[in-house]
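# Descriptive structure summary
What follows is each chain in one-letter form.
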Amino acid sequence: MKAYFKRLYKEVAVKVPTGETKTGLFGGQKDVTRTETQLQQTGWSDCEIDGQRLAEDVAKAVAGLNAEGYDAINISEITSGSYRYEYNSQGITSSRRMLSETEKVSGGGSYGYGYGYSFTEGVLSLARQV
């Protein structure tokens with residue numbers, strides 16, 4: 001059974017009609033609105049699973065196995081991983097002087113970073129027939 005990532009949200013301001021109208025500058029009718037803050041989904045996490053959904057999915061699967069005459073013996077998580085890194089040595093130097101127009105003093109530096117993490121990809125259920 002697959003695990004799903006958490007949804008990511010942000011607060012956005014939206015104009016909501018109040019049901020009232022008012023007369024505009026030139027005599028036309030205009031809807032009256034008020035501004036509310038609502039949550040809007042912006043995407044999906046790349047590292048946090050939706051634990052509540054996974055727990056509900058596992059409970060449904062176990063109930064289905066029980067209804068078919070099976071006993072769940074073991075439920076194991078399946079982990080996966082991801083990483084990101086970057087290395088750059090261009091444009092960083094520790095020297096400001098030059099020997100001539102064509103020769104630069106050697107020296108310099110670089111930077112880089114890297115990280116990795118694991119997450120639950122899904123679960124594996126082991127059951128036996130009763």
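Residues numbered from 1 in each chain as written. Predicted model: local features only at pLDDT ≥ 70, side-chain atom pairs only at ≥ 80, totals over all residues. Heavy atoms only, no water.

## Details of the overall build of the protein
Scanning the protein from N- to C-terminus turns up one helix and four strands. Listed by position from the N terminus, the elements making up the protein come as β-β-α-β-β. The 130 residues of the protein split such that 10% are buried. Of all intrachain contacts in the protein linking residues separated by at least 6 positions in sequence, the fraction that spans at least 24 positions is 70%. Of the roughly 10600 Å² that the protein leaves accessible, carbon and sulfur atoms contribute 49%. (Helix = DSSP H or I, 4+ residues; strand = E, 2+ residues; numbered from the N terminus. Buried < 20%, exposed > 50% of the residue type's maximum accessible area, 1.4 Å probe, protein only. Contact = heavy atoms within 4.5 Å. Areas by Shrake-Rupley, 256 points an atom, 1.4 Å probe, with all protein chains shown as cover.)

## Remarks on the pattern of salt bridges
In total, this model carries three salt bridges according to the counting rule given. Here Glu 48 ties to Lys 6 by a salt bridge, and the two come within 3.2 Å at their closest N and O atoms. Here Lys 6 lies in strand E1 (residues 5–23) and Glu 48 lies in strand E2 (residues 29–49), a separation of 42 residues in the sequence. What makes Lys 6 partly exposed here is its relative accessible area of 35%. For Arg 53, the salt bridge is made with Asp 57, and the minimal N-O distance between the two is 3.8 Å. Pair noted here: Arg 53 and Asp 57 are both in helix H1 (residues 51–67), with a separation of four residues, about one helical turn. (Salt bridge = Lys/Arg side-chain N within 4 Å of Asp/Glu carboxyl O.)

## Observations concerning the nonpolar core
It is characteristic of soluble globular proteins that their nonpolar side chains tend to be buried jointly. Counting residues in each nonpolar core, the largest one holds five residues, listed as Ala 3, Ile 49, Leu 54, Val 58 and Val 123. Not counting the four nearest positions on each side in its chain, Leu 54 is found in contact with Lys 2, Ala 3, Ile 49, Thr 120 and Val 123. (Core = buried A, V, L, I, M, F, W, Y, C linked by side-chain atoms within 4.5 Å.)

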